[in-house]
Amino acid sequence: MVRIEYLKRQIARAERLAKAILDRQTAERLQAFAAECRAELSELTLKSAA
């Protein structure tokens, strides 16, 4: 459960930074990181539900 909460915080932080930053490449990297975290969160959620 600790990892799930960590991923949720990282997703929120990366998305917030991506919106605030002016550098397009960095914003895209942050969005990609958030997507990776979201995918891992989805896997963990499915495993814990099973």
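Above this text you will find the structure in question.
Residues numbered from 1 in each chain as written. Predicted model: local features only at pLDDT ≥ 70, side-chain atom pairs only at ≥ 80, totals over all residues. Heavy atoms only, no water.

Caption draft 1: Structural context of the overall build of the protein chain. For the protein chain, the count of helices and strands is two helices and zero strands. Once the C-alpha set of the protein chain is aligned to its principal axes, its extents read approximately 40 × 15 × 10 Å. Carbon together with sulfur atoms contributes 57% to the accessible area of the protein chain, which is approximately 4100 Å² in total. One way to put it: in the protein chain the 10 positive side-chain charges average out to a point 4 Å from where the 7 negative ones average out. (Helix = DSSP H or I, 4+ residues; strand = E, 2+ residues; numbered from the N terminus. Areas by Shrake-Rupley, 256 points an atom, 1.4 Å probe, with all protein chains shown as cover. Lys, Arg positive; Asp, Glu negative; His and termini not counted. Charge placed at Lys NZ, Arg CZ, Asp CG, Glu CD.)

Caption draft 2: Structural view of helix α2 (residues 24-49). Helix length check: α2 (26 residues) gives 37 Å between terminal C-alpha atoms against 38 Å at 1.5 Å per residue, within 8%. Restricting attention to buried positions, one finds in α2 the residues Ala 27, Leu 30, Ala 34, Cys 37 and Leu 41. Lining the buried residues of α2 we find α1 (2-20). (Expected span 1.5 Å × (residues − 1). Buried < 20%, exposed > 50% of the residue type's maximum accessible area, 1.4 Å probe, protein only. Contact = heavy atoms within 4.5 Å.)

Caption draft 3: Structural context of the pattern of salt bridges. On inspection of all chains with the given rule, the structure shows four salt bridges. With a closest N to O distance of 3.0 Å, Glu 28 and Arg 24 form a salt bridge. Of this pair, Glu 28 and Arg 24 both sit in helix α2, four residues apart, which is roughly one turn of the helix. (Salt bridge = Lys/Arg side-chain N within 4 Å of Asp/Glu carboxyl O.)

Caption draft 4: Structural context of the side chain of Gln 10. Tracing the backbone shows Gln 10 in helix α1. In contact with Gln 10, not counting residues within four places along its chain, are Phe 33 and Cys 37.

Caption draft 5: Geometry of the packing of α1 against α2. It is the contact of α1 with α2, at a shortest axis distance of 9 Å, that shows an interaxial angle of 155 degrees. In terms of orientation, α1 and α2 fall into the roughly antiparallel class. Taken as a pair, α1 and α2 cross one another with a handedness that is left-handed. Of the residues in α2, those in contact with Arg 3, Ile 4, Leu 7, Lys 8, Gln 10, Ile 11, Ala 14, Glu 15, Leu 17 and Ala 18 of α1 are Ala 27, Leu 30, Gln 31, Phe 33, Ala 34, Cys 37, Arg 38, Glu 40, Leu 41 and Leu 44. Taken together, the residues that form the contact of α1 with α2 break down as 13 nonpolar, two polar and five charged. (Axes fitted to C-alpha atoms, helices over the stretch in contact; angles between N-to-C directions. Parallel < 35°, antiparallel > 145°, perpendicular 65-115°, else oblique. Left-handed = near helix turned anticlockwise from the far one by under 90°. Nonpolar A, V, L, I, M, F, W, Y, C, P; charged D, E, K, R; others polar.)

That's the geometry; what it means functionally is another story.
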